[in-house]
Amino acid sequence: EANVNERGNLTLQLKQQRDKLRQYQKRIAQQLERERALARQLLRDGRKERAKLLLKKKRYQEQLLDRTENQISSLEAMVQSIEFTQIEMKVMEGLQFGNECLNKMHQVMSIEEVERILEETQEAVEYQRQIDELLAGSFTQEDEDAILEELSTITQEQIELPEVPSEPLPEKIPENVPVKARPRQAELVAAS
């Protein structure tokens, strides 16, 4: 944890240094503009040598500005490198933890244990297949015929139909039908 804090502090310091350099760049850029304006004024006033000296100073500060930009780029590259290294370290820690977990799991379940479990499973599957074969192949054609006959008998026992009368049924006239709707007896006899 102390290393993590140190790396965090180092990264913070680098970023602060970068920010200070950027502020320095801004100040130099503003100063360059002022000196350029001053050099113009000196030329107008006829003070050419003084303007030349001021432009030399300006040129020197521009070179400092370029060096500052290079330093900022170097600091940013260093910060990115440190941050990437921190990510790599977290990945490595995760891989290490994963390996430790796998090793613990391998200690609990050895290859011999896995082979034993697979063998027991195969034996159970084979035993069940043998039972299925015995049940499926133990009936002869006679047994199959007897089973079908018993099934037919059971089905008929469950459906008990009443016997059908052999004599014709008498014709019955509904009693609650009005008299006008009932055919007359004489008409029925005549029609027959």
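Bear in mind that the values here come from a model prediction, so they are computed numbers and not experimental data.

**Q** Describe the side chain of T68, naming the residues involved and giving the relevant values.
**A** Secondary-structure assignment places T68 in helix α2 (residues 48-108). Given the relative accessible area of 4%, T68 is considered buried. Apart from residues no more than four positions distant in its own chain, T68 is found in contact with L21, Y24 and Q25.

**Q** Quick rundown of the pattern of salt bridges? Include the residues and the values.
**A** One pass over the full model with this rule turns up nine salt bridges. Between D19 and R18 there is a salt bridge whose closest N-O contact spans 3.4 Å. For D19, a relative accessible area of 36% translates into the label partly exposed. Several salt bridges converge on common partners, so that one network encompasses K58, R59 and E62.

**Q** Give me the lowdown on the side chain of Q61, citing residues and values where you can.
**A** Tracing the chain through its elements places Q61 in helix α2. The contact partners of Q61, leaving out residues within four places of it in the chain, are I28, Q31, L32 and E35.

**Q** Which residues make up the nonpolar core, and what values go with them?
**A** Counting six residues, the largest nonpolar core is built from L14, L21, I72, L75, V79 and I82. Elements that contribute at least two residues to this core include exactly α1 (2-44) and α2. Here this core takes four residues from α2, the largest share from any one element. Apart from the residues within four sequence positions on either side, L21 is in contact with T68, Q71, I72 and L75.

**Q** Lay out the environment of L75 with the relevant residues and their values.
**A** Looking at where L75 falls in the secondary structure, it is placed in helix α2. Taking the C-alpha atoms as reference, L75 lies 9.8 Å from T11; in sequence the two are 64 residues apart. Those residues in contact with L75, other than ones at most four positions away along the chain, are L14, Q17, R18 and L21.

Cut-offs applied
Residues numbered from 1 in each chain as written. Predicted model: local features only at pLDDT ≥ 70, side-chain atom pairs only at ≥ 80, totals over all residues. Heavy atoms only, no water. Helix = DSSP H or I, 4+ residues; strand = E, 2+ residues; numbered from the N terminus. Buried < 20%, exposed > 50% of the residue type's maximum accessible area, 1.4 Å probe, protein only. Contact = heavy atoms within 4.5 Å. Salt bridge = Lys/Arg side-chain N within 4 Å of Asp/Glu carboxyl O. Core = buried A, V, L, I, M, F, W, Y, C linked by side-chain atoms within 4.5 Å.

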